[in-house]
Amino acid sequence: MTSAREQLIELIKDEAVFHGDFTLTSGKKATYYIDMRKLSLDHRAAPLIGQVMLDLIGDIDGVVAVGGLTMGADPIASAIMHQGVARGEVYDSFVVRKEPKDHGRGRQVEGPDLNGKRVVVVEDTSTTGGSPLKAIEALKKVGAEIAAVAVVVDRQAPAKERIESEGYEYRFAIGLEDLGLSPQ
Ligand SMILES: O=P(O)(O)OC[C@H]1O[C@H](OP(=O)(O)OP(=O)(O)O)[C@H](O)[C@@H]1O
Ligand SMILES: O=C(O)c1cc(=O)[nH]c(=O)[nH]1
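Residues numbered from 1 in each chain as written. Chains lettered and ligands numbered in written order. Predicted model: local features only at pLDDT ≥ 70, side-chain atom pairs only at ≥ 80, totals over all residues.

Draft legend 1. Seen up close, the overall build of the protein chain. In terms of regular secondary structure, the protein chain is built from six helices and eight strands. Here the protein chain has a C-alpha radius of gyration of 16 Å; the compact-globule value for 184 residues is 16 Å, and the two agree. Taken along the three principal axes of its C-alpha coordinates, the protein chain extends 40 × 40 × 30 Å. (Helix = DSSP H or I, 4+ residues; strand = E, 2+ residues; numbered from the N terminus. Rg over C-alpha atoms; globule rule 2.2 N^0.38 Å.)

Right, here's the structure in full:
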């Protein structure tokens, strides 16, 4: 039987890789764009994402919650939470706002109280790694302990090096070679 990871790779190749002229979050230009939102919000792909990410992070001890910078990370964290319950592996999820909320409780990290809790920062696609590092900054302010950064698709440009140089473990489920793409 085809694995969840293989099924997800086929869906990404068929439905989430777009060719053209794109400007990325970092301001860099690229000739392809991987639109993981198209799949993380799709009923066929979301459960696969949950399974693949659980396989990726399942061996990291003591993690109670997963989440990242809104909005790419949000459906990834939800998929992990829901597929985790189905497997008996329990994770809560959280959302890191790009800026603190300017009313209500003024929070930047929404969800459970993470003070003293071990978390994995997740991401749908990572290019420079700037987004998970921004999430980490906010998470440290609320007292969370960062166990690792885990992303679905790594663009090798160069998130891994940047995140590791800041002292965090970096894992990814799918690389460019799996998708038949070259780094840019
Ligand atoms: O590795 P980086 O250089 O940070 O780039 C990758 C980020 O870009 C995308 O989000 P985007 O900034 O487009 O925002 P969105 O999630 O709100 O759509 C993606 O979801 C990652 O979060
Ligand atoms: O670097 C980015 O902004 C980026 C690249 C990509 O392929 N997909 C995405 O959602 N963001």
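Draft legend 2. Structural detail: the site of ligand 2. Around ligand 2 lies a shell formed by Leu24, Thr25, Ser26, Tyr33, Ile34, Met36, Gly72, Thr125, Thr127 and Arg155. Looking at side-chain class alone, the shell around ligand 2 contains four nonpolar, five polar and one charged residues. (Near = placed C-beta within 6 Å. Nonpolar A, V, L, I, M, F, W, Y, C, P; charged D, E, K, R; others polar.)

Draft legend 3. Up close: the site of ligand 1. Thr25, Gly72, Thr128, Gly130 and Ser131 are the nearest of the 15 residues found near ligand 1. The element that contributes the greatest number of residues to the shell around ligand 1 is strand β6 (residues 118-126), accounting for four residues. Each residue belonging to the shell around ligand 1 can be placed in one class, and the counts come to three nonpolar, ten polar and two charged.

Draft legend 4. Region of the structure containing the UniProt feature "binding site: orotate" (unreviewed entry) in the protein chain. The UniProt record annotates "binding site: orotate" (unreviewed entry) at Thr127 and Arg155. Spanning 29 residues, the annotated positions come together in the fold, the maximum distance between their C-alpha atoms being 5.0 Å. In this fold, Thr127 is placed in the loop between β6 and α5 (130-141). With 23 C-beta atoms packed within 10 Å, Thr127 lands in the buried category. Every residue in contact with Thr127, bar those within four places of it in the chain, is listed here: Leu24, Thr25, Ser26, Arg155, Ala157 and Ala159. One can find Arg155 in the loop between β7 (145-154) and α6 (159-165). Not counting chain neighbours up to four residues away, the residues in contact with Arg155 comprise Thr125, Ser126, Thr127 and Leu176. (UniProt positions renumbered as here; feature names shortened; annotations may be inferred. Buried ≥ 20, exposed ≤ 12 C-beta atoms within 10 Å, placed from the backbone. Contact = placed C-beta atoms within 7 Å.)

Draft legend 5. Representation of the nonpolar core in the model. Counting residues in hydrophobic clusters, the biggest one holds 51 residues, and the most contacted among them are Met53, Ile80, Val120 and Val122. Here this core gets eight residues from one element, more than from any other, and that element is helix α3 (residues 45-57). With sequence-adjacent residues up to four places away left out, Val122 is seen in contact with Met53, Val66, Gly67, Gly68, Ala73, Ile76, Ala77, Ile80, Ala150 and Val151. (Core = buried A, V, L, I, M, F, W, Y, C linked by C-beta atoms within 7 Å.)

Draft legend 6. Expanded view of the environment of Leu11. With respect to the helices, strands and loops of the structure, Leu11 is situated in helix α1 (residues 4-15). Taking C-alpha positions, Leu11 is 7.4 Å from Ala45, a pair spaced 34 residues apart along the chain. In this structure, Leu11 is in contact with Leu39, Arg44 and Ala45, ignoring residues within four places of it in sequence.

Draft legend 7. Local environment of the confidence of the model for the protein chain. Overall, the prediction assigns the protein chain a mean pLDDT of 98, with 100% of residues at 70 or greater. Overall fold confidence for the complex sits at a pTM of 0.98, while the interface term, ipTM, reaches 0.98. (pLDDT = per-residue confidence, 0-100.)

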